[in-house]
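# Topology and contacts: notes
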Amino acid sequence: MPVKSNAGETMAWSESVDTVLANKEGLAAFRIFLKSEFSEENVEFWLACEDFKKTKSSTKIASKAQKIYSDFIQADAPKEINIDFHTKNDISENISEPTLSCFDAAQRSIYSLMAKDSFPRFLRSEVYKELVKKHQDRNQKRWLPFL
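Predicted, not measured: the structure shown is a model, and the values here were computed from it. (Residues numbered from 1 in each chain as written. Predicted model: local features only at pLDDT ≥ 70, side-chain atom pairs only at ≥ 80, totals over all residues. Heavy atoms only, no water.)

## Here's the deal with the nonpolar core
Counting residues in each nonpolar core, the largest one holds 18 residues, and the members touching the most others are Phe-45, Ile-73 and Phe-103. Those elements giving two or more residues to this core turn out to be helix H4 (40-52), helix H5 (58-73) and helix H7 (104-124). Sorting elements by how many residues they give to this core places H5 first, with six residues. Membership of the second largest hydrophobic core comes to 17 residues, among which are Trp-13, Val-17, Val-43 and Leu-131. (Core = buried A, V, L, I, M, F, W, Y, C linked by side-chain atoms within 4.5 Å. Buried < 20%, exposed > 50% of the residue type's maximum accessible area, 1.4 Å probe, protein only. Helix = DSSP H or I, 4+ residues; strand = E, 2+ residues; numbered from the N terminus.)

Here is the structure:
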């Protein structure tokens, strides 16, 4: 998956996980990193929740909620996320009548996990370092065309 961005954006990613999640190329790089750590389900769940919260149709709310639940929440889900028992239990008890906020607690928990755990490791990873170096080299060549 090619990742393109400019040096300024790449450096700005270090400011917060929000900056990475809001940038298409940053998100792609973060996903590559999470995949290497076998924790890509966290960002996939977070993205699914962001999409879910924009749902307008009540029939789509029910079907999307069920899909998120079966993919990420229920026991032995194919991409089961690591959330506490009470949050999981609350979702399970209310999934039959989902609301647009039914995954908020779980999403906050996963966001916090990514921000405090995965993101700092991402900034120290070769994936991130190589991107920064590539963009710095590209910028240098732009200013020094004779190189």
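## Quick word on H7
Compared with an ideal rise of 1.5 Å per residue, which puts 21 residues at 30 Å, H7 spans 29 Å between its outermost C-alpha atoms and is within 8% of the ideal. In the structure, H7 departs most strongly from a straight axis at Ser-118, where the bend amounts to approximately 40° and where the proline Pro-120 lies between one and four residues downstream. Those residues of H7 not exposed but buried are Ala-106, Gln-107, Ile-110, Met-114, Ser-118, Phe-119 and Phe-122. (Expected span 1.5 Å × (residues − 1). Bend = angle between axes of the 7 residues up to and from the residue.)

## A closer look at the packing of aromatic side chains
Enumeration according to the criterion identifies eight aromatic pairs in this entry. Ring geometry for Phe-30 versus Phe-119: centroids 6.4 Å apart, planes at 75°, classification edge-to-face. A residue pair is termed long-range when its members are at least 10 positions apart, and Phe-30 in helix H3 (residues 24-36) and Phe-119 in helix H7 qualify at 89 residues. Residue classification places Phe-119 among the buried positions, given a relative accessible area of 6%. (Phe/Tyr/Trp six-rings, centres within 6.5 Å; stacked < 30°, edge-to-face > 60°.)

## A few points about unusual backbone geometry
The backbone of Phe-38 sits at a positive phi, close to 60°, despite the residue not being glycine. Of note, Phe-38 is situated in the loop between H3 and H4. Owing to a relative accessible area of 73%, Phe-38 belongs among the exposed residues under this scheme. One non-glycine residue, Asp-76, lies in the positive phi region at around 65°. Relative to the elements of secondary structure, Asp-76 occurs in the loop between H5 and helix H6 (85-94).

## Here we look at the packing of H3 against H7
The interhelical angle for the contact between H3 and H7, taken along N-to-C directions, is 95°, at an axis separation of 10 Å. As far as their axial angle goes, H7 and H3 are roughly perpendicular. Mapping the contact onto sequence places Ala-29, Phe-30, Phe-33 and Leu-34 in H3 and Met-114, Ser-118, Phe-119, Arg-121 and Phe-122 in H7. For the contact of H3 with H7, a count of residues per class yields seven nonpolar, one polar and one charged. (Axes fitted to C-alpha atoms, helices over the stretch in contact; angles between N-to-C directions. Parallel < 35°, antiparallel > 145°, perpendicular 65-115°, else oblique. Contact = heavy atoms within 4.5 Å. Nonpolar A, V, L, I, M, F, W, Y, C, P; charged D, E, K, R; others polar.)

## Focus on the pattern of salt bridges
Per the counting criterion, the structure on display carries nine salt bridges. In this structure, the salt-bridge partner of Glu-44 is Lys-79, at a minimum N-O distance of 2.9 Å. A residue pair is termed long-range when its members are at least 10 positions apart, and Glu-44 in helix H4 and Lys-79 in the loop between H5 and H6 qualify at 35 residues. Residues joined by salt bridges that share partners form a network here, namely Arg-31, Glu-40, Glu-44 and Lys-79. (Salt bridge = Lys/Arg side-chain N within 4 Å of Asp/Glu carboxyl O.)

## A look at the packing of H4 against H5
Between H4 and H5, the least distance of the axes is 11 Å, while the angle of their chain directions is 170°. Considering the angle they form, H4 stands roughly antiparallel to H5. Here Glu-41, Glu-44, Phe-45, Ala-48, Cys-49, Asp-51 and Phe-52 of H4 lie close against H5, whose contacting residues are Ile-61, Lys-64, Ala-65, Ile-68, Phe-72 and Ile-73. Taken together, the residues of the contact of H4 with H5 break down into nine nonpolar, no polar and four charged.

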